[in-house]
Amino acid sequence: MKKVLREVLSTSLYILFVLCAVYLVIHFVGQRTQVLGSSMEPKLNSEDNLIVDKISYRFHDPERFDIIVFPFRYEDNTFYIKRIIGLPGETVQIDAEGNILIDGEVLPEGYGKEVIESPGRAYEEIRLGDDEYFVLGDNRNNSTDSRDPSVGNITRKEIIGRAWLRIWPLEDFGLIKHR
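Structural notes, computed from the coordinates. (Residues numbered from 1 in each chain as written. Predicted model: local features only at pLDDT ≥ 70, side-chain atom pairs only at ≥ 80, totals over all residues. Heavy atoms only, no water.)

## Things to note about the packing of aromatic side chains
Inference 1: Per the counting criterion, the structure on display carries 4 aromatic pairs.
Inference 2: Pairwise contacts between aromatic rings join F70, F72, Y74 and Y80 into one cluster.
Inference 3: Its end group placed over the ring of Y80, K82 keeps NZ or CZ at 5.3 Å from the ring centre.
Inference 4: Above the ring of Y111, the side-chain terminus of R83 is found at 3.8 Å from the ring centroid. (Phe/Tyr/Trp six-rings, centres within 6.5 Å; stacked < 30°, edge-to-face > 60°. Lys NZ or Arg CZ within 6 Å of the ring centre and 35° of its normal.)

In structure tokens:
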């Protein structure tokens with residue numbers, strides 16, 4: 001009887017340790033999220049399941065072209081996934097030809113699925129604050145992003161983390177390349 005009780009206690013402690021480890025990983029290191037919608041096509045597709053790295057931005061700042069996850073301000077439990085285009089202190093503008101201008105210079109990038117048709121609020125220069133980022137979806141004409149006042153500029157503290165690993169669908173399993 002003593003041996004059975006010891007075995008039950010040992011197993012219970014092991015299960016408790018595993019549950020605590022999983023809790024810590026989910027809340028401080030990584031988080032699973034699902035892409036809903038086509039705003040990041042062709043890089044990410046609707047219903048892709050990702051692991052978001054929540055720890056690396058504790059050691060360095062987000063960089064241009066990182067794909068980040070942040071909460072939508074006006075709806076609980078709704079998260080957006082977009083690409084960082086503008087960095088703190090920069091000015092961002094989108095001209096009539098759909099070019100993205102950073103501090104007046106055309107940003108050389110090839111992430112957009114197509115030429116931007118609507119610059120939204122970026123038709124005029126947007127000056128980013130010391131902790132603000134300007135984000136766009138890769139599917140530029142089918143994305144609600146920083147061009148829309150409901151999203152606007154994203155602050156550093158709003159960023160949950162960086163898209164790190166695609167876990168579903170299995171045929172696309174692998175690390176997400178940001179550049």
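## Some details on the pattern of salt bridges
Inference 1: On inspection of all chains with the given rule, the structure shows 8 salt bridges.
Inference 2: Between R156 and D61 there is a salt bridge, with its nearest N and O atoms 3.4 Å apart. With a gap of 95 residues between them, R156 in the loop between β10 (154–155) and β11 (161–168) and D61 in the loop between β2 (49–53) and β3 (67–71) connect regions that are remote in the sequence.
Inference 3: With a relative accessible area of 24%, R156 lands in the partly exposed category.
Inference 4: For E109, the salt bridge goes to R140, with nearest N and O atoms at 3.1 Å. Here R140 lies in the loop between β9 (132–136) and β10 and E109 lies in the loop between β7 (105–106) and β8 (126–127), a separation of 31 residues in the sequence. (Salt bridge = Lys/Arg side-chain N within 4 Å of Asp/Glu carboxyl O. Helix = DSSP H or I, 4+ residues; strand = E, 2+ residues; numbered from the N terminus. Buried < 20%, exposed > 50% of the residue type's maximum accessible area, 1.4 Å probe, protein only.)

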